[in-house]
Structure formats: structure tokens, C-alpha cells
Amino acid sequence: MSIWNYANPQLRDLVAYEPGKPIDDVARELGLDPSEIIKIASNENPLGPSPKAVEAMKVAVEQAHIYPDGGAYYLREAIAKKFGLERPNVILGNGSSEVIEFVGHAFLTPGDNIVVSRHTFSIYKLMAQLFGAETIEVPDPHFTHDLDGIAAAVNERTKIVFVNNPNNPTGTIVSQAQLDAFIDKIPERVVVVFDEAYMEFLDEPLDTVKYIQAGRTNVITLRTFSKIQGLAGLRIGYGLASKELTEVLQKTREPFNANLIAQVGALAGLLDEDHQKATRELTKEGRDYLQRCFASLGLKYVPSYSNFILVKVGNGKRLFEELQKRGVIIRAMDSYGLLEWVRVTVGTMEQNTRFIRELNHFVEPPRTQEVPKCH
Ligand SMILES: *Cc1c(COP(=O)(O)O)cnc(C)c1O
């Protein structure tokens, strides 16, 4: 007998999410010095956290023996204010990935389905599988969400639709006009999740919160502190939704899911607009540089609106392995079915030029130049 026979059957085929490889793992496996390795694989902020967040967290550490405020009054209040909402419109997660799971907990039963774009964040499908639900994948011409196609794919068993904007791993966006047309086509019984983990990288962010303000009860907008805020290790993110939907989701939440240090660090980070601006500017500079380099190396890439770029390199897995041996961690895309592509996070200019120098060794046909000039 195996205990597997008694576990929920959908768990058998569940393939765990494959994150970017940690620096220490690579160092251990290859006998490299961790300080020589760069990780540009998980869309983290190369500037680190806001110094103000770090200061606030240092102080908060002294209070680590006390349970956090489960209602996270100050942080939810500050988030609500930023978006012109009220505290009951805000739910915190241990990363916004946890809020994705709340939605699954609240709405999915076996036999239901979710609708997503073909190449999008793989957590949605994993989460659906966890609850025994199917995933309907809608083709994405030019790696962009086909919102008409997504709306058309909704059927009577659809419970949730995910729109990741800007989209990971493709870096593409859909426009405000497309979003406005889309929302009108989705029935009120279907929850629409706008996952906006990278929205702060746009100069002019798109607005999905207005649907919530206009009284739609089936919309939730997700943001995270893991990306532009540089607090991925802290595990904190949030959802914005109608009070009714938030109330539903709150029922599925562990009382202390947002820890004390995370609440304090996130609050200080949220208020540090300068750090976010500096990150946005560094990202733009690095992204332009990388895209120019790809063009001069003759590599096809998807023009990105985010802090990562999808680039076609031939054998993605092989490049990933070769670069890893040289201390540069990027992300292979085989788990997304994109065997010829890799995804690279925009780093500091020093990291970007190192990546390009290494990449240059592996492009076909071999280059003569030592470092490509990316004019
Ligand atoms: C990184 C990311 C998130 C957020 O992850 P957390 O660290 O759990 O907040 C959510 N959605 C997408 C598409 C992401 O890339």
C-alpha cells in the first residue's frame, strides 16, 4: 500500500513550480564562489530593497517574538490610500502567488476550469490542478494575450480568468482600450484576476482598479512587493477587489500569513517612490541595451515592457547550462514549451554586459568580436 492511494488524485500529476536556480545551489553544484555568480533569472530587483525598507525591518526584528497584526492595519491602509480604495478592499498574501491560491480555494472545485493565455505565468495552471480544475489555454499570436479569444473561451464551467499584464514570460502588454472592451464581455459569475506583478515598470501604468471602483464584484487586481520593490525574499503581495470579493478571500487566509517583518518592510518600501523610480530607470536603460545587443547578434527577441526579455537562442536549455557553468544564471523556457527561447532579467549594467559577453561565445555562427558593440 502507498499513502498516495489516499491522497487527492490530482496531486499525482502535479509538477512542482520550477523557480530560478538559487545562487548557492549553483555554487555548490559547480564548485564556484557564490560572489562570482550572477542570477538574472527571477525578475528580481538588482538594486536590492529600498534602504528605507531595510532600516524599518531592522527595527522590527526586535519585535519578532510578538505575533504580527493579522489584519495588517497600517500596510493595508497605505495600499488602499495609494489606489483610492478602502482597507476592506485590500487582501495581503505571502507573495501575490498566495492570493492566486486564495482565489482557487474560494472558487474552484474538481471539473471547473480557468482560462489563461498560452504563454503566461505557470502558477495559474498549477494552482488550478491543485484544486482538480482544468486549464483552457488560448493561443497568443505574437506572444500577446488575445483578450477576445479569452473571453470567447469562457464556458459554463469557467470560474476564473487570468490576465497577466505585462505578461510573464513574454514581456508583452494589452492596452487600456483592450482591457475596457474585455471586461464588458466577462460574465459577473467569473472572477477576473489581473495579475500586475510588473505594472510599476510601465511609465504610464494601466488602470484595472477603476473596474473595482465602478462596482464590479468579480475583479481582483494583484500587485507584489517582489519585483520593483525588491522584496522577493520577504514574501509579500496583495490583491485589490470589491469588499465582497475580499471578504470571500479572507475566509481562505491563514490569520498571520503576512509576517511582521514583511508588513513593516513593505510599508516603508511602498512609500519610497525614489527607489521605485531609480529601479524603473535602471531597467529601461538595461532593457534598451540588451535589446540592442540581441539585434546586433541577430537574435530574435520579444520587445519587452517589463524587467525581463524573452530571446530566441536556438537550444535554450543548452545555453542555460553553458552560462550556468560560467556563473550566469538565466531561465530556460522548456517548462513553457519554448525550447528555443530563454528569459533573461534586466540586471545592473555590469551584469548585463557580463551576460552579453558570455552569450557572445554561444551564438551561431561564432562571433569574432570579443564583446559586441550594441549601438
Ligand atoms: C513574480 C510574479 C508574481 C508575484 O510573485 P510573489 O513573489 O508571490 O509576489 C505574480 N505573478 C507573476 C506573473 C509574477 O511574475
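Refer to the structure printed above.
This section reports on the structure supplied with the text. (Residues numbered from 1 in each chain as written. Predicted model: local features only at pLDDT ≥ 70, side-chain atom pairs only at ≥ 80, totals over all residues. Heavy atoms only, no water.)

**Re the state of the cysteines**
Turning to step 1, where the next piece is worked out: Throughout the structure, instances matching the rule amount to 1 disulfide.
Turning to step 2, where the next piece is worked out: Covalent S-S linkage joins Cys-293 and Cys-374, the inter-sulfur distance amounting to 1.9 Å. With the S-S dihedral at roughly 105°, the linkage between Cys-293 and Cys-374 falls on the right-handed side. Remark: Cys-374 occurs in the segment after helix H13 (349-362) and Cys-293 occurs in helix H11 (residues 273-296); sequence separation between them is 81 residues. The pair formed by Cys-293 and Cys-374 is uniform in burial state, with each residue classed as buried. (Disulfide = S-S within 2.5 Å. Helix = DSSP H or I, 4+ residues; strand = E, 2+ residues; numbered from the N terminus. Buried < 20%, exposed > 50% of the residue type's maximum accessible area, 1.4 Å probe, protein only.)

**Quick notes on the site of the ligand**
Turning to step 1, where the next piece is worked out: Neighbouring the ligand are 13 residues, the closest being Ser-97, Tyr-198, Thr-224, Ser-226 and Lys-227.
Turning to step 2, where the next piece is worked out: Side-chain polar atom of Asp-195 to a nitrogen atom of the ligand: 2.6 Å apart, as the coordinates give it.
Turning to step 3, where the next piece is worked out: Notes on the ligand: free accessible area 380 Å², of which the protein chains cover 94%.
Turning to step 4, where the next piece is worked out: Applying the majority rule of atoms within 2 Å of the grid points places the ligand in the second largest pocket.
Turning to step 5, where the next piece is worked out: Looking at the shell around the ligand residue by residue, the classes come out as 3 nonpolar, 7 polar and 3 charged. (Near = heavy atom within 4 Å. Polar contact = N/O pair within 3.5 Å; in protein donor to acceptor, adjacent residues only side chain to side chain. Areas by Shrake-Rupley, 256 points an atom, 1.4 Å probe, with all protein chains shown as cover. 1 Å grid on protein atoms, 1.4 Å probe; cavity = no way out; pocket = protein on both sides within 12 Å on 5 of 7 lines; lining within 4 Å. Sits in = over half its atoms within 2 Å of the grid points. Nonpolar A, V, L, I, M, F, W, Y, C, P; charged D, E, K, R; others polar.)

**Observations concerning empty space enclosed by the protein**
If a probe as big as a water molecule is rolled over the atoms, it shows which places are left empty.
Turning to step 1, where the next piece is worked out: Enumeration over the complete set of coordinates arrives at 2 cavities of 30 Å³ or more.
Turning to step 2, where the next piece is worked out: Space inside the largest cavity adds up to approximately 50 Å³.
Turning to step 3, where the next piece is worked out: Looking at side-chain class alone, the lining of the largest cavity contains 3 nonpolar, 4 polar and 2 charged residues.
Turning to step 4, where the next piece is worked out: Its volume calculated, the second largest cavity comes out at about 40 Å³.
Turning to step 5, where the next piece is worked out: If you trace the second largest cavity, you find it lined by Lys-82, Glu-200, Thr-224, Phe-225, Ile-228, Gln-229, Tyr-238, Leu-270 and Gln-276. (Points joined across faces, edges and corners; volume = space filled by probe spheres on them.)

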